Amino acid sequence: MASFNNKQLPVIDFTKDNVLNPGTEYWLSIRTQVCKALEEYGCFEAMYDNKVSLKLHNEMFSAAEEVLDLPLETKMLNTSNKPYHGYFNREASVRPLFENIGIDDAHVLDQVCNFTNLMWPEGNHSLSEAVHTFAKRVTELNQIVTRMIFENYGVEQHYESHMDSMNYLFKVMRYRKPQADVNNSVYLHTDNSFISVLHQNHVDGLEIETKNGGWIRVKQSPASFIVMTGDAFLAWSNDRLRCPIHRVVIEEDDMRYSIGLFGNSQKLVEVPSELVDDEHPLKFKPFCQMDLINFYLTEEGQKAESTVKAYCGI
């Protein structure tokens, strides 16, 4: 069962084989835990080492280091017309405070090979295999959680069309070691995704704001993943799900690497009519997720307490 308190995130076990069997008693139990956690905290810690072994964990972080150690001019070849989808770095002093590089739909092997062939013209088969296998397993977790949410709110008839619209941005991220007299935190923010799935190396740093304004510092293991609701799912659920503010604060004298998978819809996002009633009047207008992300980049979007409420709230 999930554990709930104010000092740590709920922990939910996805390692049992029958969690993959919709309609079973175990599936329904996990579904209840997932939705309770996302309504109360906006996130939870998923135990998932049956799908992502310690060996795969290590291979993925070796791959992340290999990618981010490439020359800057090589990393900058990974461009995209979508915000945050190519290569990005946030400078602090003379070294990047934070940098990441993204791969669209990395659960598809051809997409990963296109990326590795761009970074390494001669190819990089072992890295492609590690990234693809890892991304495929994490995409499956994202999809399981999404299905549970749709079922929980009685709108499972919309699940397949929703999944057909989904694109998954896979990111490898690096945070530099702390420096004296420099702010060693990454800004407060919410994610614009439907669901984000986050995984890290041995260096902690992720902090989640609670409903009462406190902070939970996440202590992850190689066996666990943080599953988090983004702005798009908050709006889709008509404000039932919580979208948590979070940040990364680096305190250890070591480089922090993390992996993120962010689910984004390619079609118009709108609240299902089944989620609107007298108790839950409509709170959001239909919107395009890329337009929401572009709004986030504006001065108004940066200042908003809730990006999605400022952009399309009623």
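If you're wondering where the values come from, they're calculated on a predicted model, not measured in any experiment. (Residues numbered from 1 in each chain as written. Predicted model: local features only at pLDDT ≥ 70, side-chain atom pairs only at ≥ 80, totals over all residues. Heavy atoms only, no water.)

Caption draft 1: Structural view of the overall build of the protein. A tally of helices and strands in the protein yields ten helices and twelve strands. At 19 Å, the protein has a C-alpha radius of gyration in line with the 20 Å of a compact globule built from 314 residues. In terms of overall dimensions, the protein has C-alpha extents of about 55 × 45 × 35 Å along its principal axes. Residues counted as buried form 54% of the 314 residues belonging to the protein. Here the protein has roughly 14000 Å² of accessible surface; of this, 49% comes from carbon and sulfur atoms. Charged side chains of the protein number 29 positive and 44 negative; the gap between the two group centres comes to 3 Å. (Helix = DSSP H or I, 4+ residues; strand = E, 2+ residues; numbered from the N terminus. Rg over C-alpha atoms; globule rule 2.2 N^0.38 Å. Buried < 20%, exposed > 50% of the residue type's maximum accessible area, 1.4 Å probe, protein only. Areas by Shrake-Rupley, 256 points an atom, 1.4 Å probe, with all protein chains shown as cover. Lys, Arg positive; Asp, Glu negative; His and termini not counted. Charge placed at Lys NZ, Arg CZ, Asp CG, Glu CD.)

Caption draft 2: Quick look at helix 2 (residues 54-68). Compared with the 21 Å implied by 1.5 Å per residue over 15 residues, the 21 Å span of helix 2 between its first and last C-alpha is a close match. Those residues of helix 2 not exposed but buried are L56, H57, M60, F61, A63, A64, V67 and L68. Mapping the buried residues of helix 2 onto a view down its axis gives an arc of 155°, with all of them on the same face. Turned more than 90 degrees away from the buried face of helix 2 sit L54 and K55, all of them exposed. (Expected span 1.5 Å × (residues − 1). Arc of directions from axis to C-beta.)

Caption draft 3: Seen up close, the layout of surface pockets. There is about 270 Å³ of room inside the largest pocket. Lining the largest pocket are 14 residues; nearest its centre among them are C243, I245, E305, S306 and K309. Breaking the lining of the largest pocket down by element, the ones donating at least two residues are helix 7 (231-236) and helix 10 (307-312). Residue composition of the lining of the largest pocket, grouped by class: five nonpolar, three polar and six charged. (1 Å grid on protein atoms, 1.4 Å probe; cavity = no way out; pocket = protein on both sides within 12 Å on 5 of 7 lines; lining within 4 Å. Points joined across faces, edges and corners; volume = space filled by probe spheres on them. Nonpolar A, V, L, I, M, F, W, Y, C, P; charged D, E, K, R; others polar.)

Caption draft 4: Main features of the pattern of salt bridges. According to the stated counting rule, one finds 16 salt bridges in the structure shown. Notably, a salt bridge pairs R174 with E99, separated by 2.6 Å at the nearest N-O pair. Placement of R174 in strand 5 (residues 166-175) and of E99 in strand 4 (residues 95-104) is noted, with a sequence separation of 75 residues between them. A single burial state applies to R174 and to E99, both of which are buried. Measuring nitrogen to oxygen at the nearest pair gives 3.0 Å for the salt bridge that ties E299 to K303. One end of the pair is E299 and the other is K303, both in helix 9 (residues 299-303) and four residues apart, which spans about a single turn. The pair formed by E299 and K303 is uniform in burial state, with each residue classed as exposed. Here the salt bridges share partners, and the residues they tie into one network are D69, K75, E99 and R174. (Salt bridge = Lys/Arg side-chain N within 4 Å of Asp/Glu carboxyl O.)

Caption draft 5: Seen up close, the environment of K285. Among the secondary structure elements, K285 is positioned in the loop between strand 12 (256-265) and helix 8 (289-296). For K285, a relative accessible area of 43% corresponds to the partly exposed category. In the structure, K285 is positioned 34 residues away from E251 in sequence and 41 Å away in space, judged by C-alpha atoms. Excluding its chain neighbours within four sequence positions, the residues that come into contact with K285 are V269, C312, G313 and I314. (Contact = heavy atoms within 4.5 Å.)

Caption draft 6: View of empty space enclosed by the protein. Evaluation of the coordinates by the stated rule reveals three cavities of 30 Å³ or more. Together, 31 residues line the largest cavity, and K171, M173, H189, D191 and F262 are the ones closest to its centre. Mapped onto the lining of the largest cavity, the elements with two or more residues apiece are strand 3 (87-92), strand 4, strand 5, strand 6 (185-189), strand 7 (195-200), strand 11 (246-249), strand 12 and helix 8. Among the residues making up the lining of the largest cavity, the classes are represented as 15 nonpolar, twelve polar and four charged. Roughly 50 Å³ of internal volume is contained in the second largest cavity. Together, M60, A63, A64, V67, I101, I103, F115, L127, V131, F170 and V172 line the second largest cavity. If one sorts the elements of the lining of the second largest cavity by residue count, helix 2 sits on top with four residues.

Caption draft 7: Here's a closer look at the pairing of strand 10 (residues 224-229). Counting buried positions along strand 10 yields six of six residues, so the element is predominantly enclosed. Burial of strand 10 is two-sided: the residues S224, I226 and M228 facing one way and the residues F225, V227 and T229 facing the other way are all buried. Relative to strand 10, strand 2 (residues 43-47) runs antiparallel, the two being bridged by five bridges. In the strand pairing of strand 10, M47 is matched with S224. (Pairing = 2+ DSSP bridges.)

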